[in-house]
Amino acid sequence: MFACLSAARKVAARILALTALVWLAACEPIPMGGGGPSINTSRPVQVALLVPAGSGNSSDAFLAQNFENAARMAIADLQGAQIDLRVYNTGADPATSAAVATQAVNDGAKIILGPLYAESANAAGLAVANRGINVLAFSNNTAIAGGNVFVLGPTFENTANRLARYAVAQGDDRITIVHSDDIPGIAGRDAIASAVSRAGGTVAGVASYPLSQQGILNAARGIVSTTRSNGGEAIFMTAGVNADLPILATVLPENGLNPAETQYIGLTRWDSLPQTLALPGVQGGIFAVPDTTMQANFEARYATAYGGAPHPLAGLAYDGIAAIGALVAAGNSDALTRTALTQAQGFQGTSGIFRLNANGTNTRGLAVATIQNNQVVILDPAPRAFGGAGL
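Note that this is a predicted model, so its numbers are computed, not measured. (Residues numbered from 1 in each chain as written. Predicted model: local features only at pLDDT ≥ 70, side-chain atom pairs only at ≥ 80, totals over all residues. Heavy atoms only, no water.)

1. Describing the confidence of the model for the protein
In step 1: With 91% of its residues at a pLDDT of 70 or more, the protein shows a mean pLDDT of 91.
In step 2: Within the model, pLDDT remains below 50 along residues 1–34, and this stretch shows 93 contacts once partners closer than five positions in the same chain are excluded. (pLDDT = per-residue confidence, 0-100. Contact = heavy atoms within 4.5 Å.)

2. Description of the pairing of strand S6 (residues 134–137)
In step 1: Side chains Asn134 and Leu136 project from S6 onto one buried face, and the interleaved Val135 and Ala137 project onto a second face that is buried too.
In step 2: Here strand S5 (residues 111–113) pairs with S6 via three bridges, running parallel. By the bridge assignment, Ile112 is partnered in S6 with Val135.
In step 3: Of the crossover connections in this fold, the one passing from S5 over helix H3 (residues 118–128) to the parallel S6 is right-handed.
In step 4: In the sheet, S6 pairs with strand S7 (residues 149–151) via three bridges, with the strands oriented parallel. Bridging across to S7, Val135 finds its partner in Val149. (Buried < 20%, exposed > 50% of the residue type's maximum accessible area, 1.4 Å probe, protein only. Helix = DSSP H or I, 4+ residues; strand = E, 2+ residues; numbered from the N terminus. Pairing = 2+ DSSP bridges. Right-handed = clockwise from strand over helix to strand, strands pointing away.)

3. Observations regarding the sheet that holds S6
In step 1: The strand order S4-S3-S5-S6-S7 describes an open sheet built from five strands, whose pairing is parallel. Since the sheet does not close on itself, it has two edges, and those belong to strand S4 (83–89) and S7, each with one partner. Taking each pair of neighbouring strands and ignoring which way they run, the sheet shows an average axis angle of 20 degrees.
In step 2: The strands touched by helix H2 (residues 94–106) are strand S3 (45–51), S4 and S5; relative to S3, the strand with the most contacts, the crossing angle is about 165 degrees.
In step 3: Packed onto the sheet, H3 meets S3, S5, S6 and S7 and runs at close to 170 degrees relative to S6. (Axes fitted to C-alpha atoms, helices over the stretch in contact; angles between N-to-C directions.)

4. Section: the sheet that holds strand S15 (residues 362–364)
In step 1: On the basis of which strands lie adjacent, the open sheet formed by three strands has the order S13-S14-S15 and antiparallel pairing. Each having just a single partner strand, strand S13 (347–349) and S15 make up the two edges of the open sheet. Direction aside, the axes of adjacent strands within the sheet are offset by 35 degrees on average.
In step 2: Relative to S15, strand S14 (residues 352–356) runs antiparallel, the two sharing three bridges. In the sheet register, Leu356 faces S15, and the bridge partner there is Asn362.

5. Thoughts on the environment of Thr337
In step 1: On the secondary structure map, Thr337 appears in the loop between helix H9 (315–329) and helix H10 (338–341).
In step 2: Among the residues examined, Thr337 registers a relative accessible area of 9% and is labelled buried.
In step 3: For Thr337 and Pro37, which are 300 residues apart along the polypeptide, the C-alpha to C-alpha distance reads 6.3 Å.

6. So, the packing of helix H4 (residues 156–169) against helix H5 (residues 183–198)
In step 1: At a minimum axis separation of 8 Å, H4 and H5 run at an interaxial angle of 40 degrees. In this view, H4 runs oblique relative to H5, as classed from their interaxial angle. The chirality of how H4 crosses H5 is right-handed. Taking contact as the criterion, the partners of Phe156, Glu157, Ala160, Asn161 and Ala164 in H4 are, on H5, Pro184, Ala187, Gly188, Ala191, Ile192, Ala195, Val196 and Arg198. (Parallel < 35°, antiparallel > 145°, perpendicular 65-115°, else oblique. Left-handed = near helix turned anticlockwise from the far one by under 90°.)

So this is what it looks like as structure tokens:
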């Protein structure tokens, strides 16, 4: 629908609603010139919140309300900054998102928070790039990042970097990558490979499998063989708790890949389903989690304010407002430019520290966790400031 001019990005549709993973084939992002608008910090700064209400999907409507609730919580917490929040419904349609983003800027928005799906965020970014407006999208797909589009969602790259550094520091520097052969699995594979290299480790081998029970069962022996024959000291898996992880964490130990001898590492959260914690292959394995104290505090405050637990993605809206508010409170007219948004010290969010990178991605402080006796144990806590250990 949107032509790839010198700066646009082509879209390859794939929408995974819950995690906001929508994978795109990207062209070069649009350059931003001055990097953002000039604002009058003595008056309320207009912020457009683009939410997925209107798609006809009840889960989108629920999430839209959660985003608005969290954003208004953040506004109430601000000190020294006035935010005029305007909420716009985009549904799940990229064309609608582009039109709504344009309307929001016409209405006076100085920055856009959202939308959720990467296709929609890409379209919104393209629509307002020539207006000098930055977009803080709720997506975690780094393919759309760059130019005037920043992604707020936790990324494969950030998680892989944290875990690869930790594993190599522990002496597990020959790592086999194990991934599903679908688009997210391939993206995860590439993120892990880059992270292992940056950490000073070696990719000892790569093994893939079809995303089906029988496909994993058929691939199990080959995964074990690849790990052993190449001297793999760890396996870094892209698998998720709702699909392939339970099968892998059962059949790999059964085929002789003992977790007590070979370090299992997970790119996804292993603690999101309680029953996962009892699987044989996750005992002693490592994965990354956000700052649990900060996250629990946000969830408790949200529940008190709104009478129920927040959606797992709701905190992204709070984080976006927190960052915008912190910059506006400094009193500078260039508070919402790319230079300001990418300040090195970053921001405090609902799940710990985070910062926006010049390439449109983000870095979030993460803890390294393991599972012992079916319980989550933190091995290395999340950093509380940039520049310290774990980053």
